[in-house]
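Results of the structural survey
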Amino acid sequence: MVEQKVLERSGEKLLYPPTEKIGVVVVDSFPALGTLAAMRFIEWAQSNPEGAIALPTGKTPEHFIKEVTRLREGWNSAAVRKELEDFGIVASGGCDLAGLHFVQIDEFYPINPLHHNSFFYYVNRFYIEGFGLDPGRALLIDCSRIGLPEGRTLEEVWTDDEVDISLRHRMARSRSERQQKELIERIDQWCVEYEDRIRELGGIGFFLGGIGPDGHIGFNVRGSDLYSTTRLSTINYETQAAAAGDLGGIEVARKRLVITIGLATITFNRDCVALIMAAGAAKAPVVAEAVQAERHVRFPASALRTLRSARFYLTRGAAGDLHARRLAELLASPCPTDEQTERAVIDLSVSSRKRIDALEDEDFRSCPFTARLLECGLGSAREICSRVKDSLKAKIDAGTRTMEKRVFLHTEPHHDDLMLGYLPFIVRHIRDHSTRHYFATLTSGFTAVTNQFMLRQCRKLDSLLHSPAFEDLELSGYFEPGNRIFRNRDVWQYLDGVAAGSRSMKDDGEMRRLYRNLVELYEERDRQSLEDRIEELINYFETQYPGKKDLPYIQQLKGMCREWEADCLWGYFGWSGESVRHLRLGFYTGEIFTDEPTIDRDVAPVVKLLEEINPDVVTLALDPEASGPDTHYKVLQTVTEALRLHQEKSGRDDLKILGYRNVWYRFHPGEADIFVPVSLNMFALQESAFRNTFISQKSASFPSYEHDGPFSELAQKIQVSQYQTLKTCLGREFFNEHPSALIRATRGMVYLKALSLEELYEHSRKLRRSTENR
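Remember, it's a predicted structure, so these values are computed and weren't measured experimentally. (Residues numbered from 1 in each chain as written. Predicted model: local features only at pLDDT ≥ 70, side-chain atom pairs only at ≥ 80, totals over all residues. Heavy atoms only, no water.)

**Describing the sheet that holds strand β4 (residues 106-109)**
Working definition: the strands of a sheet are paired by backbone hydrogen bonds and lie parallel or antiparallel to each other. To be explicit about the condition: A strand pair is defined by DSSP finding two or more bridges across the two strands. Strands here are runs of E lasting at least two residues and helices are runs of H or I lasting at least four, both read from the DSSP assignment and numbered beginning at the N terminus. Axis geometry follows a simple rule: fit a line to the C-alpha atoms, using only the stretch in contact for helices, then measure angles between N-to-C directions, giving values from 0 to 180 degrees. Only heavy atoms matter for contacts: two residues are in contact if any of them lie within 4.5 Å across the pair.
Across the sheet, three strands lie side by side as β4-β8-β7; this open sheet has antiparallel pairing. Every other strand in the sheet has two partners, leaving β4 and β7 (231-233) as the edge strands with one partner each. For this sheet, the mean inter-axis angle between neighbouring strands, taken without regard to orientation, is 25°. With three bridges joining them, β7 and strand β8 (residues 257-260) adopt antiparallel strand pairing. Along β8, the bridge assignment pairs L232 with I259. Against the sheet, helix α7 (residues 175-200) engages β4, β7 and β8, with an angle of about 130° to β7.

**Section: the nonpolar core**
Note the threshold: Put simply, buried Ala, Val, Leu, Ile, Met, Phe, Trp, Tyr and Cys residues joined by side-chain atoms within 4.5 Å make one nonpolar core. Exposed residues in this analysis have more than 50% of their type's maximum accessible area, buried residues have under 20%, and partly exposed residues fall in between, with area computed by a 1.4 Å probe over protein chains only.
Y109, F207, I211, I259, F312 and L314 are the most contacted members of the largest nonpolar core, which totals 70 residues. The element contributing the most residues to this core is α7, with seven residues. In this structure L314 touches V24, V25, V26, V27, L33, A278, V287, A319 and L322, once residues within four positions along its chain are discounted. V345, I346, F667 and F675 belong to the second largest nonpolar core, which has 59 residues in total.

**Thoughts on unusual backbone geometry**
Following P17, the chain continues to P18 via a peptide bond in cis, the omega torsion being 0°. Along the chain, the position of P18 falls in the loop between α1 (2-10) and β1 (23-27). Cis rather than trans, the peptide bond between Y109 and P110 has omega equal to -10°. Inspection of the secondary structure puts P110 in the loop between β4 and α5 (119-129). A positive phi angle, near 50°, is found at E523, a position not held by glycine. Even without being a glycine, N614 presents a positive backbone phi close to 50°. Within the fold, N614 resides in the loop between α24 (599-613) and β14 (617-621).

**Side note on the packing of aromatic side chains**
Test applied: Here a Phe, Tyr or Trp ring, Trp counted by its six-membered ring, pairs with any other such ring whose centre lies within 6.5 Å, and the pair is stacked when the planes are under 30 degrees apart, edge-to-face when over 60, and tilted otherwise. Placement of a charge over a ring requires the Lys NZ or Arg CZ to be within 6 Å of the ring centre, with the centre-to-atom vector within 35 degrees of the ring normal.
Taken as a whole and judged by the stated rule, the model has 36 aromatic pairs. Between R9 and the ring centre of F87, over which it is positioned, the NZ or CZ distance is 4.7 Å. The ring of Y761 carries the charged tip of R644 above its face, separated from the ring centre by 4.6 Å.

**Re the packing of helix α23 (residues 552-572) against helix α26 (residues 680-693)**
The condition is simple: Take the far helix as the reference: if the near one is turned anticlockwise from it by less than a right angle, the crossing is left-handed, and if turned clockwise, right-handed. Residues were grouped as follows: Ala, Val, Leu, Ile, Met, Phe, Trp, Tyr, Cys and Pro as nonpolar; Asp, Glu, Lys and Arg as charged; and all remaining residues, including Gly, as polar.
It is the contact of α23 with α26, at a shortest axis distance of 9 Å, that shows an interaxial angle of 145°. For the pair α23 and α26, the crossing hand works out as right-handed. Touching E565, C568, L569 and Y572 of α23 are L685, S688, A689, N692 and T693, all from α26. Residues of the contact of α23 with α26, tallied by class, amount to five nonpolar, three polar and one charged.

Taken by themselves, the reported measurements are silent on function.
Right under this line is the structure:
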């Protein structure tokens, strides 16, 4: 009934055959996804009070967990009962979950179950305790109790936390390897017994999971046997990259194996309700493969098609590549919008590898999306293509122009978002000396700094602290808190070292800032006290397990290291610390599920900055829907609300807003309206600046699943791809034979979207309505 009610309201079908091969329910937002899953779970639990459930970990189930909790706590209130009835749930049936059997889906191996980043800890906190489940009815994966000889610990057997899985099949070469080989065998046997226990329950009755960047379900990665069972297994790079944030870096994730239930474990019970949740446009390609492609080991979720109650619960963004649904939406609209028209023509051009001006009516009729354009009386294929081509050229022209005599406020959620999003645009405007620029990072960004990086920094400072040069600086008052001149000199010293190719000069500037940060953090000026603090920090970073939530003052210190990097980046282009602002908004806490922004704590500092700077142009990260990098969305809402309050107070309604995206999301060319050309020279500058300033990110400890390397390389890859799309659409001659040297030198493109304040408010209102989910 829950699904029927949602489908009735949306007017959409559960399945659009023949392209779709598994049922799909689409909602407007990530929070609405949580509500849908929660309602379906409660509906199932009422009918199966002693059934077996398997629920996911990580950020995917955030709103599911919150909604189940909210509904259970408010069960007897009139408002909740009305809400339940609207979804077809009988409120009088209650919501007692204590009789359910819980099955843990997966776990990293080896990992201490007491560590807060273990899935064992997660399921105990949020499901066993949070949902009031019976621990005696739970099948859990406690790595410390699987196969270990009595008296031995995980750390003693796996001394560097790395498991050599080849021991499963090869001869052991030492005593320690023999012990490890025997342990792997015992783990394999435990997995067989875990599988048996699940099947003795009749199998899993309700399975809720996310889908990974490679399409994995549980830890059944791309290429997994569709008949796989519970096992100890390796994982691929994409899955390691997605797990890096939980584990404290890709360096740790590369070492980890996993214990996971198999695809056949999920499908053993043919009556299993198997729900896969996915939110955000970034998930659209992998969702489309899982729903539309043939059953294949490349698409692990295709194994679920044997279950009649298997479903994909998706947001609009995640369903964006489901062709039948897109076509149905297009057919339902009386006349396609300009954006829909451009999207259809550009997609046809790229898929057919034909220039837009070479497309004919026959090409249009071969594609249902462009065929619709002809049916709507928008003109012939040539007439439509002429308009789209002119539009693309106008967007490129807009990207070649600079705005003069303007004040820019460039905002970013994290310290490298501006650089990775649209640095070529910034550099071109910086060169116009009639403009002024301010750069504001809204969060502390400490989660992107590893303990190993901080350990190296503290050891380096400890070794340089007693040098004569450092002692002279201290005696001269160089580290006096609040001295902006000396603070800027830290940056200039470091950049002099970059120019000279001098490691010692760079270290000098870097350590000056780190020492200054310690003076400010601890409010200490005494040398001996600070030396003691450095020793404490070294001990802390040596002993903390990767991925553990840091103490507040450690979070602040890590954030200061990221702030130093941003200072150096903009110092690269001549901007001193007065132009670089670090707001450290309070909603950013490092928790699994972060707080919502508030007016007093988060919006007020942005309003104050707007009043001080009084910008003409404000830039912000413009996400397509309330999902993906949670910080991006919350910063967008914070900045939008601040702009609204600033407009009310100042009376200014002429501010220009520029939206950008970077390595997490991309604009379709039909969405964006400014295309900024990027040359090889700009690529070289972008790479050099990133590697020399974002020193904590050079080793790419928290990389994208799309690229095994620094984000600067991925940003270039994206910009080149965007250029290649336009080259296909317009033809290489447009670029190679253009009268402008700027266009002839183009090898990449940055896409931006210009908005008025009212357009931004409307965009934000849509997101907020969906986020509030009421």
